[in-house]
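Notes for the structure review
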2 protein chains.
Amino acid sequence: MTRPSTALLTDHYELTMIAAARTHPAASRPCVFEVFARRLPDGRRYGVVGGTGRLVDALADFRFGADELAAVSGFLDGDTLQWLADYRFAGDIDGYREGELYFPGSPILTVRAPFADAVILETLILSILNHDSAIASAAARMVCAAGSRPIIEMGSRRTHERAAVASARAAYLAGLTATSNLEAARTYGVPSAGTAAHAFTLLFTGSGGPDEPAAFRAQVDRLGPGTTLLVDTYDITRGVANAVEAAGPELGAVRIDSGDLGILARQVRDQLDGLGARKTKIVVSGDLDEYAIASLRAEPVDVYGVGTSLVTGSGAPTAGMVYKLVEIDGIPVEKRSSHKVSHGGAKSAVRLARPSGTVVEEVLHPSGTPAPDSAGHTLAPLQTALIRDGGPVDALPSLDDARDHLRAALVTLPWEGLGLSHGEPAIPTRYAF
Amino acid sequence: MTRPSTALLTDHYELTMIAAARTHPAASRPCVFEVFARRLPDGRRYGVVGGTGRLVDALADFRFGADELAAVSGFLDGDTLQWLADYRFAGDIDGYREGELYFPGSPILTVRAPFADAVILETLILSILNHDSAIASAAARMVCAAGSRPIIEMGSRRTHERAAVASARAAYLAGLTATSNLEAARTYGVPSAGTAAHAFTLLFTGSGGPDEPAAFRAQVDRLGPGTTLLVDTYDITRGVANAVEAAGPELGAVRIDSGDLGILARQVRDQLDGLGARKTKIVVSGDLDEYAIASLRAEPVDVYGVGTSLVTGSGAPTAGMVYKLVEIDGIPVEKRSSHKVSHGGAKSAVRLARPSGTVVEEVLHPSGTPAPDSAGHTLAPLQTALIRDGGPVDALPSLDDARDHLRAALVTLPWEGLGLSHGEPAIPTRYAF
């Protein structure tokens, strides 16, 4: 199937700007645009770059076909429409790797192209990076809170149906182990998981009332004793007994979706052990966020399921990244009016680390100048080539590569930067200008 | 172009439940599922149903083709795969009209079909209604705060690229006048708008420094003097002077995107009037939410632009709706475990109003029973037919119909229910069971 065009996932004003600039010599001047976040969400210590892989795909589909041109012909002149019809991004894009940590000011993406060629991508670039980075950043905190315990993403129903797919991808990137979302499994290869909801147990209600044992038997018959049985539709203690009765002590797991999960997990663990189901795992779900996950650290929980808080970025549903023109023909430019100070000029970024590997600061310096003196620290450049002459570079990192990269990057943070409590960014950003 | 299948925008467990239930007689029993929100977001007085129109479209594309079947063949048996291949929703769906107000417990959507036929739609239905209702509900508050002043939606860059399209649609439904999003204009006919960003003005920087007059001239040359010029890239007072110089007193509007918008609007109004540009409008944007809009009520602002707060639901990015099995073969069912009490049985809903038109309560009563005594109030049923025998009913309301319906519905609320301050739902929900 041909993939749909992404060209209209764009703001009206990008095209009117192009129309107004196009006939002017200024429009052909080489420009540099940068994506960065002025700040992290309230009290967060780090952000996680997400969406880079999706962005590279979406750029390939950014084409104005006949339908797209017809849709914008009402407010554009013929020359501009022809320019759009011919448009193929032919510039260069560099960026932080997907799965890289970022901090306030980090130049996460750098687009080099003539003005019109670059400005037209603003909305699409920001939509993808703002959404996916918000989800990945929240998810990474949940993974840290869960320690070695796996987390399953099950929030599709709480967000836009296509955002759900991207959320599942971003969550996997951040270290969650599986998703409920089948489109994410198909499109991105994220492992999918799930067994049954309360409705399944309720279905077996007859004229004699509820029949949880019949529901559990039907599930075990089809999905095997290794399945996960949802035990809190009626009485949980009765549910656990019915579950082990139906599946035997080889029962894979029970899921608890309501109530005081810590207390219930302990009771259920004792009950399962008493029934000989010592290897049966306990899955908990129900309005969990990173704080609730952390609060269950001492309880006998084996797997977490997270939904709403994951797909809404746990209080920060957008990453607040902006796309700013920073350089024209080698001349640094910046907005000068009140409250929104930008640093003009294209920036290179390096992260300095102690010999132990712990990072100490991120340094931004003018592109094309040597990196600052590292003063005995190791120094890692943060930007990599993503697009050259309009096409993706060879061997772009995969989603699994991004996942591995993040896991390694988190280990480099000072330990207090990994905590859930609010505070300053884990490392400072320094402008060596 | 064939529209893509929506069938995998679904949770893994919906399909394993179907596999487990399918061979059992229970699977063919007629079921009723209801969508409702247990509560409104923190302190909100009402919710707005959004997404119904999108849902009807998405249901038509809910088909398991060869690609979709291949994607799920790893965890399903052959009989279930064949059932999916043959699946066409053939049941009935009733619901609140799009643009209708809702309150805690309101049965916003009612799906009648055999268990497997209905449960498979859970994730898609909730994704669409939860997202679009969250946006529409936030947007309606902004429209109330703005009074008669128009609001333009410009938040695409702050949310997932496809959620942005749905957000623009939901915002228009709620009474916003236009969107920046071109795909929403193409797909849903929402009027689109926009002129230029700071990057456009910065582009005209030369070796002699910034040249705002040249930028404004280029924009007016192409877009005419009725355009909106963005005046806060450098000094705002200078920007306003340059704007009127470039376009003359017929200048359509100036936009201010930063700073203390109230003070600046007054200064700019005085300056424009002094320059003879008395009809030039003032557009303000920059992190506006419903409270900021209300705080500008006394200032000379003509148009608001909203972004982040709109597309993130202004603190409530999901509506928290659930999809619950409430009746099987005429038998009411409900989950009984702690903390999540549901009311079993299919529900009909009516809203009672005084002769003046002001609503006083919403009453839910068992479907098939007469509506409760109205005690002198007028009584309006809230559920309408959406899908019959799997297909949309004739003359489904359009997006404009939904917009009109909401405008009329808001007028029926008690005046305190329209305020921005936190409180109880504007009217109580009563269960006449």
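The structure displayed is predicted, hence computed values, not measured ones.

**Comments concerning the packing of aromatic side chains**
All told, the structure shown has 14 aromatic pairs over all chains when counted by the stated rule. Their ring planes at 65° and their centres at 5.2 Å tell us that B:Phe200 and B:Phe204 sit as a pair that is edge-to-face. Both residues of the pair, B:Phe200 and B:Phe204, belong to the buried class. Three or more aromatic residues joined by ring pairs form one cluster here, namely A:Phe62, A:Phe64, A:Trp83 and A:Tyr87. Sitting above the plane of the A:Tyr172 ring, A:Arg403 keeps its charged end 4.0 Å from the centroid.

**Digging into the domain arrangement of chain A**
Domain annotation of chain A identifies domain 1 (12-135 + 316-431) and domain 2 (195-301). The C-alpha-based centres of domain 1 of chain A and domain 2 of chain A are spaced at 45 Å.

**As for empty space enclosed by the protein**
The rolling of a water-molecule-sized probe over the atoms marks out the regions of remaining empty space. Inspection of the entire model under this criterion finds four cavities of 30 Å³ or more. By volume, the largest cavity is sized at about 160 Å³. Elements with a minimum of two residues in the lining of the largest cavity: helix H6 (122-146) of chain A together with helix H6 (122-146) of chain B. Residue composition of the lining of the largest cavity, by class: eight nonpolar, seven polar and two charged.

**Some details on the interface of chain B and chain A**
Counting residues at the interface gives 99 residues for chain B, matched by 99 residues for chain A. Across the chain B to chain A interface the summed buried area is about 8,200 Å²; carbon plus sulfur atoms make up 62%. A per-residue breakdown of the area chain B buries against chain A is headed by B:Arg157, B:Leu182 and B:Leu203, which together make up 10% of the total. At the surface where chain B touches chain A, the tally comes to twelve salt bridges.

**Examining the relation of the copies chain B and chain A**
In screw terms, the move from chain B to chain A is a rotation of 180° and a rise of 0.0 Å along the axis, fitting with an RMSD of 0.0 Å. What the superposition gives is, in effect, a two-fold axis relating one chain to the other. When the interface residues of chain B are mapped onto chain A, 100% of them again lie at the interface, so the same face is used by both copies.

**Focus on the pattern of salt bridges**
According to the stated counting rule, one finds 48 salt bridges over all chains in the structure shown. In this structure, the salt-bridge partner of B:Asp404 is B:Arg407, at a minimum N-O distance of 3.3 Å. A residue pair is termed a helical-turn pair when its members lie 3 or 4 positions apart in one helix, as B:Asp404 and B:Arg407 do in helix H15 (residues 399-411) at three residues. Because the salt bridges share partners, they merge into one network encompassing A:Asp11, A:Glu14, A:Glu122 and B:Arg157.

The rules behind each value
Residues numbered from 1 in each chain as written. Chains lettered and ligands numbered in written order. Predicted model: local features only at pLDDT ≥ 70, side-chain atom pairs only at ≥ 80, totals over all residues. Heavy atoms only, no water. Phe/Tyr/Trp six-rings, centres within 6.5 Å; stacked < 30°, edge-to-face > 60°. Buried < 20%, exposed > 50% of the residue type's maximum accessible area, 1.4 Å probe, protein only. Lys NZ or Arg CZ within 6 Å of the ring centre and 35° of its normal. Domains from an automatic or database assignment. 1 Å grid on protein atoms, 1.4 Å probe; cavity = no way out; pocket = protein on both sides within 12 Å on 5 of 7 lines; lining within 4 Å. Points joined across faces, edges and corners; volume = space filled by probe spheres on them. Helix = DSSP H or I, 4+ residues; strand = E, 2+ residues; numbered from the N terminus. Nonpolar A, V, L, I, M, F, W, Y, C, P; charged D, E, K, R; others polar. Contact = heavy atoms within 4.5 Å. Buried area = accessible area lost by both parts, 1.4 Å probe. Salt bridge = Lys/Arg side-chain N within 4 Å of Asp/Glu carboxyl O. Least-squares fit on C-alpha atoms with pLDDT ≥ 70 in both.

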